[in-house]
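Spelled out from the first residue to the last, the chains are:
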Amino acid sequence: MPPSYADRLLTWFDDHGRKHLPWQQPRTPYRVWVSEIMLQQTQVTVVVDYFTRFMTRFPSVESLASAQVDDVLSLWAGLGYYARGRNLHKAAQVLCEQHAGKLPADLAGLEALPGIGRSTAGAIVSMGFDQPAPILDGNVKRVLARHAGIDGWPGRSAVARQLWALAEDRLPSGRFADYSQASMDLGATVCTRHAPACHACPLNADCVAHRSHRTHELPAPKPKANRKRRRSQLWLIRNEQGHYLLERRPPVGIWGGLWSLPEADDATTPPLALVEPPRPGPVLVHELTHFTWELCPMSALARGAQAIADGDNMSWYAPDNLPGVPAPIRRLIEEDRAP
DNA sequence: AATGCGGGGTC
DNA sequence: GACCCAGCATT
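The rules we used
- Residues numbered from 1 in each chain as written.
- Chains lettered and ligands numbered in written order.
- Predicted model: local features only at pLDDT ≥ 70, side-chain atom pairs only at ≥ 80, totals over all residues.
- Heavy atoms only, no water.
- UniProt positions renumbered as here; feature names shortened; annotations may be inferred.
- Buried < 20%, exposed > 50% of the residue type's maximum accessible area, 1.4 Å probe, protein only.
- Helix = DSSP H or I, 4+ residues; strand = E, 2+ residues; numbered from the N terminus.
- Arc of directions from axis to C-beta.
- Contact = heavy atoms within 4.5 Å.
- Near = heavy atom within 4 Å.
- Polar contact = N/O pair within 3.5 Å; in protein donor to acceptor, adjacent residues only side chain to side chain.
- Nonpolar A, V, L, I, M, F, W, Y, C, P; charged D, E, K, R; others polar.

Chain A has the name Adenine DNA glycosylase in an unreviewed UniProt entry, where Abyssibacter profundi is given as its organism. Under the Sequence similarities (unreviewed entry) heading, UniProt states for chain A: "Belongs to the Nth/MutY family." Listed in UniProt under the heading Function (unreviewed entry), the comment for chain A reads: "Adenine glycosylase active on G-A mispairs. MutY also corrects error-prone DNA synthesis past GO lesions which are due to the oxidatively damaged form of guanine: 7,8-dihydro-8-oxoguanine (8-oxo-dGTP)."

This is the structure in structure tokens:
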């Protein structure tokens, strides 16, 4: 029986883990808590000096609770996410009023405090009290997503559920503090976002992403928020037989090789003579991965019996007998035929 | 489920 | 300049 995931990670940690970070000496619940709050969405190298200054000024829960919030925030200046500092101060006061100045050793008690969510609570339970609890920070998400081959952006709740379940399942039977630290250390130093050192990873033997050469695409990145917009004008031209003018698209690119409505590079010059001035039709919005494509049709009736400018790539088609036409374009034609 | 919060590191 | 970082609270 090969060593378990957790055992391999812990053995690796003994040789290669980080053991001299400021909050690890000494490693108390209070120091773990403060460090975890500072480390939310903030890199280790940035936090180190802030943490050291903070501990000098506020060495205990009581000293923090009795401070003015402005004094706390002045030490936070430059770290960003200042609600973290305010919540830290507020939570210290709650601890002094309701918990005798001690941090709870259980997840529910910790998560009831402002600024402490599921992952930070798990970090305090495991690293502050050496008790079993999973964490799921950016490092652990990356390690788990790669090792188990989890697709999808971890920000999606379905993906997050899978990752939390994995984190829970893989907890060791002891050394809980070292295990949490090891999980983050592996992500920070070996299973890095760019160019992971898989040759040095204790989990490479059964890592799905490594074996399938997909480390570079896992975990999946956050989807693009605001895509570029592109606008094209289309000619929606019908002749007196009720046929529509279609144009074959270039073989590569979007809808490559399919038939579509002629794209107008010159909005004022139709590809053939019209009976009446064209009128704008309903704008078609087509979402693609990298941009939003707005297709603005100009609808018109063509004069009969005239040569088509580009006869090889342009032709009339009956709407009930269309060739390979993308569905959105097909709908556009249908709507124009029977409004 | 999506968004705001922030300064800094990295490619 | 885009993307991400030991996430959480709010909507």
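A. Spotlight on helix α5 (residues 69-76). Those residues of α5 that fall on the buried side of the exposure criterion are Val 72, Leu 73, Leu 75 and Trp 76. Looking straight down α5, one finds that the buried residues subtend no more than 155° of arc, so they occupy a single side. Taken together, the buried residues of α5 touch α2 (29-38), α3 (44-57), α4 (61-65) and α6 (83-98).

B. Broad picture of the protein's contact with DNA strand B. Close to DNA strand B lie Gln 41, Thr 42, Gln 43, Gly 78, Leu 79, Gly 80, Tyr 81, Tyr 82, Ser 157 and His 194. Among the atoms of DNA strand B close to the protein, meaning within 4 Å, 47% are from sugar or phosphate groups. At 3.0 Å from a base nitrogen of DNA strand B is found a main-chain nitrogen or oxygen belonging to Gln 41. A distance of 3.2 Å is found between a base nitrogen of DNA strand B and a backbone nitrogen or oxygen belonging to Leu 79. In terms of residue class, the surface near DNA strand B is made up of three nonpolar, seven polar and no charged.

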